[in-house]
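# Chains, contacts and geometry: an overview
Below are the chains, spelled out letter by letter.
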Amino acid sequence: MQEVRKYDQQRGTGKTLSGCDPYPQPVRTRRKGVKFLKGKMEELGFDEVNIDRYGSVYGVIHGKRPGKTILMDGHIDNVDVIDEDQWSHAPWGAEITDGKIYGRGTSDMKGSVTAMICAAARLAESTGKDFAGNICVSGTVHEECFEGVSSREISKILKPDYVIIGEATTST
């Protein structure tokens, strides 16, 4: 955990990625988050970075040797806020207080997507990509309203052998 946090600070991605989409989720604002993640994956050295037909973003890092493909997936959409006046922090603000980030979607699940992007980039950097197979990371959309549609599309494109879903089981 310490190394990932340090890596984020060196690359300027930790605090920035956590607020990748600090707006309610109409399509026009979700696109900003997708484009932001696409740019970060490119900046961090992913070999391929694309946006699929549904608007999900995915990146691939190719190892130097043939092998299996692992996909780390997380959704980057979230449900709307109907009780904003009852929040102690702005729901779309991605505010950091006492080392914790507050805002809609930070634990479900932009935090996981951020961690997976940074972990994949760190592994590639620290090994010089000397590993077998491919490491893929996806930030899928439409999970909150059409669960499974976007993730199936990503699976069709990337054909992973293994999938890790970074969904938090609790936010406490």
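A few points on the structure. (Residues numbered from 1 in each chain as written. Predicted model: local features only at pLDDT ≥ 70, side-chain atom pairs only at ≥ 80, totals over all residues. Heavy atoms only, no water.)

Turning to the overall build of the protein chain, a few remarks are in order. On a plain count of helices and strands, the protein chain comes out with 5 helices and 7 strands. Here the analysis covers contacts within the protein chain between residues at least 6 apart in sequence; of these, 70% occur between residues at least 24 apart. Split by element, the accessible area of the protein chain, about 9,400 Å² in all, is 51% carbon and sulfur. (Helix = DSSP H or I, 4+ residues; strand = E, 2+ residues; numbered from the N terminus. Contact = heavy atoms within 4.5 Å. Areas by Shrake-Rupley, 256 points an atom, 1.4 Å probe, with all protein chains shown as cover.)

Here we take up the sheet that holds strand β3 (residues 65-75). Ordered in space as β1-β2-β6-β3-β7, the 5 strands form an open sheet in which the pairing is mixed. The sheet is open, and its two borders are formed by β1 (48-51) and β7 (162-165), each paired with just one other strand. Sheet twist, expressed as the mean angle between neighbouring strand axes with direction ignored, is 20°. Here β3 pairs with β7 via 4 bridges, running parallel. Bridge pairing in β7 places methionine 72 opposite isoleucine 164. (Pairing = 2+ DSSP bridges. Axes fitted to C-alpha atoms, helices over the stretch in contact; angles between N-to-C directions.)

Let's shift gears to the pattern of salt bridges. Counting across every chain of the model gives 6 salt bridges. Residues arginine 122 and glutamate 125 are paired through a salt bridge, measuring 3.6 Å at the closest nitrogen-oxygen approach. Of this pair, arginine 122 and glutamate 125 both sit in helix α4 (residues 106-127), 3 residues apart, roughly one helical turn. The class for arginine 122 is partly exposed, based on a relative accessible area of 26%. (Salt bridge = Lys/Arg side-chain N within 4 Å of Asp/Glu carboxyl O. Buried < 20%, exposed > 50% of the residue type's maximum accessible area, 1.4 Å probe, protein only.)

Among the nonpolar cores identified, the biggest contains 20 residues, and Phe46, Ile76, Ile117, Ala120 and Val137 are the most heavily contacted of them. Those elements that provide at least two residues to this core are α3 (27-43), β2 (57-62), α4 and β6 (132-140). With 6 residues, the single largest contributor to this core is α4. In this view, phenylalanine 46 contacts Met41, Gly59, Val60, Ile61, Ile117, Ala120, Ala121 and Val137; residues no more than four positions away in its chain are not counted. By size, the runner-up hydrophobic cluster in this structure holds 6 residues, among which are Tyr58, Leu71, Ile154 and Leu158. (Core = buried A, V, L, I, M, F, W, Y, C linked by side-chain atoms within 4.5 Å.)

On to the pairing of β1. Two strands pair when backbone bridges link them, and β1 and β2 are joined in this way by 4 bridges, in the antiparallel orientation. Within β2, the position partnered with glutamate 48 by the bridge is valine 60. Where β1 hands over to β2, the hairpin turn is made up of 5 residues, of which glycine 55 adopts a positive phi near 105°.

Attention shifts here to the environment of histidine 62. Along the chain, histidine 62 falls in strand β2. Owing to a relative accessible area of 30%, histidine 62 belongs among the partly exposed residues under this scheme. Distance from histidine 62 to glycine 133, taken between C-alpha atoms, is 6.4 Å for residues 71 residues apart in sequence. Not counting chain neighbours up to four residues away, the residues in contact with histidine 62 comprise Asp47, Glu48, Lys129, Phe131, Gly133 and Asn134.

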